[in-house]
Amino acid sequence: MLNIYLVVIGEKMPPWVNTGVSEYQKRIRGRMALKVIEVPAIKRGKNADLQRIALEEDQKLIAAVPKQCRLIALDRLGKTISTVQMADRFEQGLQQGDQLALLVGGPEGLSKEVLQQVDETWSLSALTFAHPVVRIMLAEQVYRCFSILEKLPYHR
């Protein structure tokens, strides 16, 4: 069984986000599962030290990852991969008994310290997306990969 953990900074998403993510989680069954782990964001004030906050959040993000997970950072400057390549990576994880953690940082992105600790760094796009949208996009892509691996008609 391949557990894919979506480990994210931020809690209390709007209901439409939770509904969207939940819908894709329900569709993924059998050999794979998508689980969301939320790490509380640190409050940012007017004169906040954003670098320190990002580092602190990232440390909590890494600490929240279940043991034995391969770490995959989502970063604008990461490697651009296709859905089929992502599905291939998930199939590899199934065969090797990996557990995967997809890491999504806070508003400042992931720190250099975290990016140096991960096994892979992927980019969803050169565009910047709101965190709620990223959650749904990732959940949908995980489901799409699942449908490819299970030979379901969803991905055409």
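Residues numbered from 1 in each chain as written. Predicted model: local features only at pLDDT ≥ 70, side-chain atom pairs only at ≥ 80, totals over all residues. Heavy atoms only, no water.

Give me the lowdown on the overall build of the protein, citing residues and values where you can.
In terms of regular secondary structure, the protein is built from five helices and five strands. In the protein, the succession of α and β elements from N to C terminus is β-α-β-α-β-α-β-α-β-α. For the protein, the C-alpha radius of gyration of 15 Å lies close to 15 Å, the compact-globule estimate for 156 residues. Its C-alpha atoms put the protein at 50 × 35 × 30 Å along the principal axes. The proportion of buried residues among the 156 residues of the protein is 47%. For the protein, the share of sequence-separated contacts (at least 6 apart) that also reach a separation of at least 24 residues comes to 84%. (Helix = DSSP H or I, 4+ residues; strand = E, 2+ residues; numbered from the N terminus. Rg over C-alpha atoms; globule rule 2.2 N^0.38 Å. Buried < 20%, exposed > 50% of the residue type's maximum accessible area, 1.4 Å probe, protein only. Contact = heavy atoms within 4.5 Å.)

Describe the pairing of strand β1 (residues 2–9), listing the residues and the values that go with them.
β1 sits mainly inside the fold: eight of its eight residues count as buried. The two faces of β1 match: Leu2, Ile4, Leu6 and Val8 on one face and Asn3, Tyr5, Val7 and Ile9 on the other face are all buried. Handedness of the crossover joining β1 and strand β2 (residues 32–39) through helix α1 (residues 15–27) is recorded here as right-handed. Note: β1 against strand β4 (residues 99–104), five bridges, orientation parallel. Among the inter-strand pairings, Tyr5 is bridged to a residue of β4, identified as Ala101. (Right-handed = clockwise from strand over helix to strand, strands pointing away. Pairing = 2+ DSSP bridges.)

So what's going on with the side chain of Asn3? Which residues, and what values?
Tracing the backbone shows Asn3 in strand β1. Reaching out from Asn3, the side chain makes a polar contact with the side chain of Gln99 at a distance of 2.9 Å. If sequence neighbours within four positions are ignored, Asn3 has contacts with Ala33, Lys35, Gln99 and Leu100. (Polar contact = N/O pair within 3.5 Å; in protein donor to acceptor, adjacent residues only side chain to side chain.)

Can you tell me about the side chain of Asp75, naming the residues and giving the values?
Checked against the element boundaries, Asp75 lands in strand β3 (residues 69–80). Within polar-contact distance, the side chain of Asp75 engages the backbone nitrogen of Leu77 at 3.0 Å. Excluding its chain neighbours within four sequence positions, the residues that come into contact with Asp75 are Leu115, Thr121, Trp122 and Ser123.

Please give an account of the environment of Val36 that cites residues and values.
Its location among the elements puts Val36 in strand β2. Considered as a pair, Val36 and Ser22 are 14 residues apart in the sequence and their alpha carbons are 9.6 Å apart. Beyond its immediate chain neighbours, meaning those up to four positions away, Val36 contacts Leu6, Val8, Val21 and Gln25.

Can you tell me about the sheet that holds β4, naming the residues and giving the values?
Taken together, the five strands give an open sheet; going across it, the order is β2-β1-β4-β3-β5, and neighbouring strands pair in parallel fashion. Sheet topology places β2 and β5 (120–123) at the edges, where each strand pairs with a single neighbour. Sheet twist, expressed as the mean angle between neighbouring strand axes with direction ignored, is 30°. (Axes fitted to C-alpha atoms, helices over the stretch in contact; angles between N-to-C directions.)

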